[in-house]
Each structure stands twice: as C-alpha cells, then as structure tokens.
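# Results of the structural survey
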Amino acid sequence: MTQAELAHAFAQMHQKGNPLMLYNIWDAGSARVITEAGARAVATGSWSVAASQGFDDGEQVPLEIVLMTASRICQTVDVPVSVDFEGAYGLGPTAVSTNVTRLLKLGVVGINIEDQVIGGKGLHKVEDHCRRIRAAREAATEFGVDLFINARTDVFLREANRDWHAGLMPQAVERLQAYAEAGASGLFVPGLVDSDLIARLCEDFELPINVLRVADTAPLAELVETGVSRISHGPAPYRQAIHDLALSYIAGMT
C-alpha cells in the first residue's frame, strides 16, 4: 500500500467496540516480532525508545535517533506506523511543522503529540498547543498524507490521586474539544483509568478516544464496553522484555 493508503487504513482501525490494540514497540526488531504475531499496526512508545538507547524519557533521546528508529521500522514492516513524538521536539508551530514533515518523509502515518511542556513546567496553554496541532495538520496536508494526529492531554497523568480525576474532567474536556477543532484525529487520555469517566469522554466526542492500559486498569472487556477506539500499552512491553532478559541472564549464570 502507498503511504496515503496506510494512513487511511490506520484511521479505519479506530472503532468503538472494536478498538485498535497497540502493543507499543521501540525498534525495528520489536516491530517485526509483533507484526509476525498478527499486529495490524505498530506504534512506538517514547519511554521505550529512549530506554532502549540508554536515555530517559522527555525528549532526552536526540531527534536524529528517533528519526532513524522510525525510518528502520517503516522499512522493516508493511503495516501502518505511528510514532510517539512527545512534544514534536519543538515549542513553536514552525518547529513542529518541520519535524512532522521529517517523519512523514520516512513513511510514518500517525503521531502522538502531547500538551505537557517538555523540559518545562505544567501544560501548554490551550491556544498555544492548538497552534502546534494545526501546524502538524497543515504539514501533513501539504505533504499529501492524512496523518493520524493523536492529541494527548496529560491532565490526568499529572494527578496521581485518582480521586481527583472526576474534578479534572471539565479541564480535560475543554482541552480535548479545542484539540479536535484544531485538527486532531484522535484524543489520548493517559492516566485516566475510571471506566465511567472514560465512557463519558467516549460519549462526548465523535473522535476516537485512546487510553493507556496499565496493571490496575479495568479488565479489557470493560474497557471495550466504554467505547474506546484505541488501547495502548505504553512502556509495559519493553519493561517486560527487559525483565525477561535479566531473568534469562541470571539463569544462564547459575
């Protein structure tokens, strides 16, 4: 398929009641393994990509390594590839546009872009982040590919006390509505695990809702019933692989 066809296919995989399951990968090798196991699409996790190269998360891994990794993945698998692009390695719209275009040239058809200020404090102002999303959308339109822009808000992820999450819903909804109007294709709410709150978002928005599956998230069947269209696994697959590697080493040395 062409890149444009892959982008269209990727968008169509986001369905309420039949969510796209993304077991996040970190390099071409892990991408090949899960596609051979049946994955319909692959998506990197920024934490995992960074850790696999010896860096911390938060755009500590150089952009050139991120691009090289994305390039190798796109050359290795023939399914849609999405990249967790964190803050797109730039604050202003011009930098976002430039860096998104560089990803598109490699064959990527989807990105995550978050509203956390990388290397700073708090979240971007809503209007500022909307300019960043619009810049990504305009870059994709100019390139000729309907890039799946998964707009992530860290409203919930930044609040460890889940008892407060219900009170954060108005703030999250305001941000997500603005991001949708700015050109987002989907909306990502990592940190939100309450099934009732997730279901409310799925009812409020026509755009696909993406959640992060963690150890104490609701059972898969319950998540599916909320109406989510995409379920990600974040750094869990990498952590499990590294844990297994360590155990294998210990067993091999005894």
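Up top you'll find the structure we're talking about.
## Comments concerning the environment of Tyr23
Residue placement: Tyr23 occurs in the loop between strand S1 (20–22) and helix H2 (28–36). Residue classification places Tyr23 among the partly exposed positions, given a relative accessible area of 42%. A sequence separation of 11 residues divides Tyr23 from Ile34, and the C-alpha atoms of the two residues are 7.9 Å apart. Sequence-distant contacts of Tyr23, that is, excluding residues within four places in its chain, are made with Ile34, His233 and Pro237.

## Description of empty space enclosed by the protein
Scanning all chains against the criterion turns up 1 cavity of 30 Å³ or more. Space inside the largest cavity adds up to approximately 90 Å³. Lining the largest cavity are Thr44, Ser46, Val49, Val61, Val66, Thr69, Ala70, Val83, Asp84, Phe85, Glu86 and Tyr89. If you list the elements that add at least two residues to the lining of the largest cavity, you get helix H3 (46–52), helix H4 (63–76) and strand S3 (81–84).

## Some remarks on the layout of surface pockets
Roughly 630 Å³ of internal volume is contained in the largest pocket. Arg152, Leu157, Pro190, Leu212 and Pro235 are the residues nearest the centre of the largest pocket, which is lined by 34 residues in total. For the lining of the largest pocket, the secondary-structure elements that each account for two or more residues are H3, strand S4 (110–114) and helix H10 (236–252). By residue class, the composition of the lining of the largest pocket is 12 nonpolar, 13 polar and 9 charged.

## Examining the nonpolar core
One finds Val42, Phe85, Val100, Ile111, Tyr179, Leu201 and Ile209 to be the most contacted residues of the largest nonpolar core, which totals 73 residues. The dominant element in this core, judged by the number of residues it contributes, is helix H7 (residues 165–182), at 8 residues. Non-local contacts of Ile111, meaning those with residues more than four positions away in its chain, are made with Ser82, Val83, Phe85, Val100, Leu103, Ala136, Leu147, Phe148, Ile149 and Asn150.

## Re unusual backbone geometry
Unusually for a residue other than glycine, Glu86 sits at a positive phi of about 50 degrees. Relative to the elements of secondary structure, Glu86 occurs in the loop between S3 and helix H5 (93–104). Of note, the phi angle at Ala88 is positive, near 65 degrees, even though the residue is not glycine. Summarising the element assignment, Ala88 is placed in the loop between S3 and H5.

## Quick word on a negative patch on the surface
A cluster of acidic residues, Asp194, Asp196, Glu222 and Glu225, forms a negative patch on the protein surface. Within the secondary structure, Asp194 sits in the loop between strand S6 (186–188) and helix H8 (195–204).

## Overview of the packing of aromatic side chains
According to the stated counting rule, one finds 4 aromatic pairs in the structure shown. Between Trp26 and Tyr238, the ring centres sit 5.2 Å apart and the planes meet at 85 degrees, which makes this aromatic pair edge-to-face. On the criterion of sequence distance, the pair formed by Trp26 in the loop between S1 and H2 and Tyr238 in helix H10 is long-range, its members being 212 residues apart. For the pair shown, Trp26 and Tyr238 are each scored as buried. Each ring, one from Trp47 and one from Tyr238, has its centre 6.0 Å from the other, and the planes form 70 degrees; the classification is edge-to-face. Taken together, the residues span a long stretch of sequence, with Trp47 in helix H3 and Tyr238 in helix H10 at a distance of 191 residues. Trp47 gets classed as partly exposed once you look at its relative accessible area, which sits at 31%. What makes Tyr238 buried here is its relative accessible area of 11%. Its guanidinium or amino end placed over the ring of Trp47, Arg239 lies 4.3 Å from that ring's centre, counting from NZ or CZ.

Rules behind the numbers
- Residues numbered from 1 in each chain as written.
- Predicted model: local features only at pLDDT ≥ 70, side-chain atom pairs only at ≥ 80, totals over all residues.
- Heavy atoms only, no water.
- Helix = DSSP H or I, 4+ residues; strand = E, 2+ residues; numbered from the N terminus.
- Buried < 20%, exposed > 50% of the residue type's maximum accessible area, 1.4 Å probe, protein only.
- Contact = heavy atoms within 4.5 Å.
- 1 Å grid on protein atoms, 1.4 Å probe; cavity = no way out; pocket = protein on both sides within 12 Å on 5 of 7 lines; lining within 4 Å.
- Points joined across faces, edges and corners; volume = space filled by probe spheres on them.
- Nonpolar A, V, L, I, M, F, W, Y, C, P; charged D, E, K, R; others polar.
- Core = buried A, V, L, I, M, F, W, Y, C linked by side-chain atoms within 4.5 Å.
- Patch = residues over 30% accessible without salt bridge, like charges linked within 9 Å, V, L, I, M, F, W, Y side chains within 5 Å.
- Areas by Shrake-Rupley, 256 points an atom, 1.4 Å probe, with all protein chains shown as cover.
- Salt bridge = Lys/Arg side-chain N within 4 Å of Asp/Glu carboxyl O.
- Lys, Arg positive; Asp, Glu negative; His and termini not counted.
- Charge placed at Lys NZ, Arg CZ, Asp CG, Glu CD.
- Phe/Tyr/Trp six-rings, centres within 6.5 Å; stacked < 30°, edge-to-face > 60°.
- Lys NZ or Arg CZ within 6 Å of the ring centre and 35° of its normal.

Taken by themselves, the reported measurements are silent on function.
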